[in-house]
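Here are the chains, one letter per residue:
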Amino acid sequence: MKRRLFLASSLASLGLAGCSSVKDALTQGPLRSVLGSAQGVDLTVIGTRGLAREYNESAITSDFPLDSLDTPTDTTYAGLQRANWAPYRLVVDGLVARPQRLSLAELRALGTLTQITRHDCVEGWSAIGKWTGVRLSSVLALAQPAQHARFVVFHCFDRDQLGNTYYESLNLHQAAHPQTILATDLNGKPLAPDHGAPVRLKIATQLGYKSAKWVQRIELAANLPGSGGYWEDQGYAWYAGI
Ligand SMILES: Nc1nc2c(c(=O)[nH]1)N[C@H]1C(S)=C(S)[C@@H](COP(=O)(O)O)O[C@H]1N2
Ligand SMILES: [Mo]
């Protein structure tokens, strides 16, 4: 019962079902001004943890740290980089009615937004960055998740020394949050390869390891592969809310 309600609210936020009356209460009540930069958002997507804080330009960390597996150097990734990402296609497949292969231009055409948020890494550092990208919910609405899809799995280009590829996952509710974006720019410039070019997930409401860099494919699934992520497979919590 609980799960069905949960799924229903996630699907509603993806435009697959009707609206909630909570939305009207929020858009017309005093919370409207608090929600500021989230204007125009379908407010039914906001979960119990609400919105992550957004900052002013002056708070931006000038040199955003790097912290991940090595930037991919394989021929596929290197070739895409050399071609300035022109041949890159973001694959969206699995349990969807309309599988997608989106160029960067097609992705951006879904509508970009910019948000200045804090990134918290479990290794003990935080940094504030200005991220520009497209709401994950917009991409999912295009692909139309099937009724039995419950998770969004991000498959990345990078792999560790044992050959394990980095991957991450969210449930549909987390995916539909208005601050869950597929970022193409950091601090006003296209993502550098080291920061996850050409497309990375940036989820402001969860710890750094959820924000998968170098996203190659987004798969809708009924069940999580493994424990749901590269670090989760090594014992980290799947839910990394902050
Ligand atoms: N594909 C991929 N994404 C990843 C990682 C990684 O190793 N590979 N590391 C994660 C961790 S632990 C953090 S803190 C952030 C760091 O992002 P940054 O290097 O752009 O600061 O990326 C996350 N996303
Ligand atoms: Mo991290």
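It should be noted that the structure appears before, not after, this text.
For clarity, every value in this text was computed on a predicted model and none was experimentally measured.

Visitor: Explain the overall build of the chain residue by residue, including any values.
Guide: In terms of regular secondary structure, the chain is built from 7 helices and 10 strands. Counting the 242 residues in the chain, one finds 48% classified as buried. In the chain, once contacts between residues fewer than 6 apart in sequence are set aside, the share between residues at least 24 apart is 68%. As displayed, the chain offers around 11,800 Å² of accessible surface, 51% of which is attributable to carbon and sulfur atoms.

Visitor: Summarise the sheet that holds strand E2 (residues 100-102); cite the residues concerned and give the values.
Guide: The sheet built from 5 strands is open, its strands ordered E2-E1-E10-E5-E6 with mixed pairing. The sheet is open, and its two borders are formed by E2 and strand E6 (165-171), each paired with just one other strand. Averaged over all pairs of adjacent strands, the angle between their axes in this sheet comes to 20°, without regard to strand direction. Bridge analysis of strand E1 (residues 90-94) against strand E10 (residues 215-221) gives 4 bridges, and the strand direction is parallel. What sits directly across from Gly94, in E10, is Leu220. Across the sheet, helix H6 (residues 136-143) is in contact with E1, E2, strand E5 (151-159), E6 and E10; its angle to E2 comes to roughly 135°.

Visitor: For H6, give the residues involved together with the corresponding values.
Guide: Residue pairs three or four apart in sequence face the same way in an α-helix, which turns once every 3.6 residues. Buried within H6 we find Leu136, Ser137, Val139, Leu140 and Ala143. In an axial view of H6, the angular spread of the buried residues amounts to 160°, which keeps them on one side of the axis. Taken from the residues just after H6, Gln144 is the one with a positive phi, measuring 60°.

Visitor: Report on the nonpolar core, specifying residues and quantitative values.
Guide: Side chains of nonpolar character tend, in soluble globular proteins, to be buried together. Judged by nonpolar contacts, the single largest core of 49 residues is most densely connected at Leu136, Phe154, Leu182 and Ile218. Every residue in contact with Ile218, bar those within four places of it in the chain, is listed here: Leu90, Val91, Val92, Asp93, Leu136, Val152, Val153, Phe154 and Leu182.

Visitor: Hey, could you go over the site of ligand 1 for me, with residue numbers and the actual values?
Guide: The environment of ligand 1 is made up of 20 residues, and the closest members are Pro65, Asp158, His195, Arg200 and Lys213. Separating an oxygen atom of ligand 1 from a side-chain N or O atom of Arg200 is a distance of 2.7 Å. With respect to ligand 1, the side chain of Lys213 contributes an N or O atom lying 2.5 Å from an oxygen atom. Of the residues assigned to the shell around ligand 1, the class counts are 11 nonpolar, 5 polar and 4 charged.

How each quantity is defined
Residues numbered from 1 in each chain as written. Chains lettered and ligands numbered in written order. Predicted model: local features only at pLDDT ≥ 70, side-chain atom pairs only at ≥ 80, totals over all residues. Heavy atoms only, no water. Helix = DSSP H or I, 4+ residues; strand = E, 2+ residues; numbered from the N terminus. Buried < 20%, exposed > 50% of the residue type's maximum accessible area, 1.4 Å probe, protein only. Contact = heavy atoms within 4.5 Å. Areas by Shrake-Rupley, 256 points an atom, 1.4 Å probe, with all protein chains shown as cover. Pairing = 2+ DSSP bridges. Axes fitted to C-alpha atoms, helices over the stretch in contact; angles between N-to-C directions. Arc of directions from axis to C-beta. Core = buried A, V, L, I, M, F, W, Y, C linked by side-chain atoms within 4.5 Å. Near = heavy atom within 4 Å. Polar contact = N/O pair within 3.5 Å; in protein donor to acceptor, adjacent residues only side chain to side chain. Nonpolar A, V, L, I, M, F, W, Y, C, P; charged D, E, K, R; others polar.

These figures come from the coordinates and say nothing about function on their own.
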